Amino acid sequence: MERALIFVRGRVQGVGFRWWTRARALELGLVGHARNLPDGRVEVQAQGEPDQVDALVALLREEVSMRSRPGRVDGVVVQRHPPREGLVGFAER
């Protein structure tokens, strides 16, 4: 298990991006959250099997989204962390 803190920059607020991210994370069996930050980015915390976390990061980074990702992503920064106990579900905050 691993946990990633992912910061997504672009036109990602007010376009359904957090909802879309939550749906993809749940499909991949991940737990965590997606929330808007005051500076216009979206913070995604995703925890699960490393391959599944990597799959979500790849979906967030897709130059042309094959999964109808809303908005526009200009950059993605990923920080890897040890997993946390007690995380359940995937929330939009």
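The structure presented is a predicted model; accordingly, all values stated were derived computationally and were not measured.

(A) Inspection of the pattern of salt bridges at higher detail. The full count for this structure, using the stated rule, is seven salt bridges. For Asp39, the salt bridge goes to Arg41, with nearest N and O atoms at 2.8 Å. Given the relative accessible area of 27%, Arg41 is considered partly exposed. Here Arg80 and Asp54 are joined by a salt bridge, their closest N and O atoms 2.9 Å apart. Taken as a pair, Arg80 in strand S4 (residues 72-81) and Asp54 in helix H2 (residues 50-61) lie far apart in primary sequence, 26 residues in all. Using a relative accessible area of 34% as the deciding quantity, one classes Asp54 as partly exposed. Among the ionic contacts, a cluster of salt bridges with common partners joins Glu2, Asp54 and Arg80.

(B) Representation of the packing of helix H1 (residues 17-27) against H2 in the model. At a minimum axis distance of 10 Å, the contact between H1 and H2 shows a crossing angle of 150 degrees. Between H1 and H2 the crossing geometry is right-handed. Contacts between H1 and H2 involve Phe17, Trp20, Thr21, Arg24 and Ala25 on the former and, on the latter, Leu56, Leu59 and Leu60. For the contact of H1 with H2, the per-class residue count stands at six nonpolar, one polar and one charged.

Parameters at a glance
Each chain carries its own residue numbering, running from 1 in the written order of its sequence. Totals for whole chains, interfaces and linings use all residues, but because this is a predicted model, local features are given only for residues with pLDDT of at least 70 and pairs of side-chain atoms are given and counted only at 80 or more. Side-chain metrics rest on all non-hydrogen atoms present in the structure, leaving aside hydrogens and water. When a carboxyl oxygen of Asp or Glu is within 4 Å of a side-chain nitrogen of Lys or Arg, the pair counts as a salt bridge. For the exposure calls, accessible area comes from a 1.4 Å probe over protein chains only, and a residue counts as buried if that area is under 20% of its type's maximum, exposed if over 50%, partly exposed in between. Numbered from the N terminus, helices here are DSSP runs of H or I no shorter than four residues, and strands are runs of E no shorter than two. Geometry is summarised by axes, namely lines fitted to C-alpha atoms with helices restricted to the contacting stretch, and by angles between N-to-C directions that run from 0 to 180 degrees. Handedness of a crossing is defined here by the sense of rotation of the near helix relative to the far one, left-handed for an anticlockwise turn of less than a right angle and right-handed for a clockwise turn. When checking whether two residues touch, look at their non-hydrogen atoms; a contact exists if any pair is within 4.5 Å. When residue character is reported, Ala, Val, Leu, Ile, Met, Phe, Trp, Tyr, Cys and Pro are called nonpolar, Asp, Glu, Lys and Arg charged, and the others, Gly included, polar.

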